[in-house]
Each structure stands twice: as C-alpha cells, then as structure tokens.
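Chain residues, written in single-letter form:
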Amino acid sequence: MFTTRTGGYGVGFRRGWSDWQKDIDGLATWAKDNGFACIDLGGDADVVGQKVVDKGLKIGSADLKDWGGFMAADPDRRKQALDANLTYIADCVKLGATNFFTVMLPPEAARPRKENFEFMIEGLKPLCTEMEKLGAHLVVEGWPGAGALCCTPESYRAAIDALGSKAFGINYDPSHLMRMGIDPIRFLNEFADHVYHVHGKDTEIIHEDVYEFGTEQPGTLAGSKPFGSMSWRYTIPGHGQVRWVKTMEILRDRGYKGLVSIELEDGNFNVSEQGEKDGFLYSGRFLQGC
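Residues numbered from 1 in each chain as written. Predicted model: local features only at pLDDT ≥ 70, side-chain atom pairs only at ≥ 80, totals over all residues. Heavy atoms only, no water.

Caption draft 1: The arrangement of the pattern of salt bridges in detail. Across all of its chains, the model carries 22 salt bridges by this definition. Between R77 and D66 there is a salt bridge, and its shortest N-O distance comes to 2.7 Å. Remark: D66 occurs in the loop between β3 (58-63) and α4 (75-94) and R77 occurs in helix α4; sequence separation between them is eleven residues. For R77, a relative accessible area of 30% puts it in the partly exposed group. For D66, a relative accessible area of 29% corresponds to the partly exposed category. Across the pair E263 and K201 runs a salt bridge, and its minimum N-O distance is 3.3 Å. One end of the pair, E263, is in the loop between β10 (260-262) and α11 (273-288); the other, K201, is in the loop between β7 (195-200) and β8 (202-205), with 62 residues separating them in the sequence. Classification of K201 as buried rests on a relative accessible area of 1%. (Salt bridge = Lys/Arg side-chain N within 4 Å of Asp/Glu carboxyl O. Helix = DSSP H or I, 4+ residues; strand = E, 2+ residues; numbered from the N terminus. Buried < 20%, exposed > 50% of the residue type's maximum accessible area, 1.4 Å probe, protein only.)

Caption draft 2: Structural context of the nonpolar core. Grouped together as the largest cluster of nonpolar side chains are 79 residues, with contacts concentrated most on F100, M120 and F168. Look past the residues within four positions of M120 in its chain and what remains in contact with it is F70, M71, M104, L149, C150 and A159. (Core = buried A, V, L, I, M, F, W, Y, C linked by side-chain atoms within 4.5 Å. Contact = heavy atoms within 4.5 Å.)

Caption draft 3: View of the sheet that holds strand β4 (residues 99-102). Pairing in this closed barrel of eight strands is parallel, and the strands run β1-β2-β3-β4-β5-β6-β7-β10 around the ring. Strand-to-strand, the axes of this sheet are offset by a mean angle of 30°, without reference to chain direction. Across three bridges, strand β1 (residues 11-14) lies against β10 in parallel orientation. Within β10, the residue paired with G12 across the bridge is S261. Contacts from helix α8 (residues 184-191) reach β6 (168-172) and β7 within the one sheet, and its direction differs from that of β6 by about 155°. (Pairing = 2+ DSSP bridges. Axes fitted to C-alpha atoms, helices over the stretch in contact; angles between N-to-C directions.)

Geometry only, nothing functional implied.
See the structure below:
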C-alpha cells in the first residue's frame, strides 16, 4: 500500500470526472489493486460508498451537499441546506466516513465579504453541532473561487474563532496557498491542529511568466494554462514548489492521524485514462518517499 515515509499516512486519491472514474466498481478495483488506501467521493458517497468499503478501501472524504446554501442570505435557505445534509452525513458515517468536504463559495459572491461571512457562520453553527454528535468533521478546502470565504489565514482563523467547534476543520491543500503567494508551511504550522484531511496537489510557479504577465491580469495575446493561470499551474506532487517532506514532518509532529488524497489536476496527465492513471501512480510513488 502507498504510505508516506514520514508519518506513515495512507495515500489515496479524489475521484475525478472522467469516464473511467465514473465506473465506481472499476475505479475501486483499480485503486485496491494498485495499492491505494482511500478514495475521496462526491455528494453521492451515501450511495456508492459501500462499494469502496467492500474493496477494503477507506472513504477519505465525502462531499457535503448544497455547499452554497449554508451561506445564503435567507435563513430558510440555510435551513434547507442543513436538512439536506443531516441524514446524508449520518449514512456516510456508518460507512466509516468522517470528513465532509466543501468549499465556502457564497451564492451571492457580489455581496460584501463580511456580510457573506456572517451568513456562513450562522449557517454552519447548527451543522457543526450535529457533526460533533456524530464524530464527523467539516473539511474546508481553500480554493480561492469567486467570493470564497475560507481560503486565507485571516478567513480560516476568523471562522475557527467564530464557530468554536472541533467539527470545523481544514482540508489542507497547499497548491491553493502556493498560487496565492501564501507560505503553505507557515500556514500548516499555524493551523495543523485543525487539519483533518490533506490533498496531495502541487503548484508550479512559472517565474518567467510572473515577469511577463504579473499576477493580477490575464494575458492580452497569450492564453492561460490548463489547470492554471498565466504564471502558475497545478501539478502532481513533486512537480511544483511545495515542500512535501517538511509538510509530512509537521503533520507527524502535530499528531495528524488522517490520510493524503491525490487531487489530480495537471495538464500533463489529465489527457486520457492512461495519463490519469499514470498521474495517480507517479504521485503515490513520490509521496512514498516523503
């Protein structure tokens, strides 16, 4: 089985969107046969999760349902999001899933950020209360999409303080921090106690293109890169600038007990079924040495 050299963390991957990954039976068989420890599932984890477990794999994370609803201005809409998730979470926990993945993207991104943040806190308070009862965790990934509310140290820190719940946690994905210019090692040193799940994804900063295009605007004549922008691109672990050995050392020293799931978003590998399989395998082998 793929495990990290430092910390002994099982390595799996996040289920993608390509045709071969839609076949959950075939995907789980391939994962097991090739030494992976887990698969991260989407919002159908309550339906397909048993097939993953039956193969002897763990569910690394399960996507929460109705992400945006928790940040809606309408209290009834926030309540609907809560109701949509309560039975789902309980059913997934029975399958061994404890991490529930989301990105905090408000449905009305144009509203003032502070206002959307307050809606988010009101929406998440009852969810965290119920998750605590089940021993489950919300793992928020810091993808900096439109209006994203938890993707920087300031915003994560504010959410942790406002919620005051052990159920609220972080899906540590250093690739997003790297692209934003936030030191992922410093971030992990500050927030490691709140990290319940880790994504194995990297970012290459292309310094020549930082000079050519800067970091604020798209190119005038040139196009952006697959799974990237003008001066950076997501990569498999080891093909970017993330310090993976140091990452594993911090996690080990701070008592992390979870898994590492490869999130494959790399223009060099997301080109075919074989390319994606190679990307998962190369990533697993690299992380074995970290």
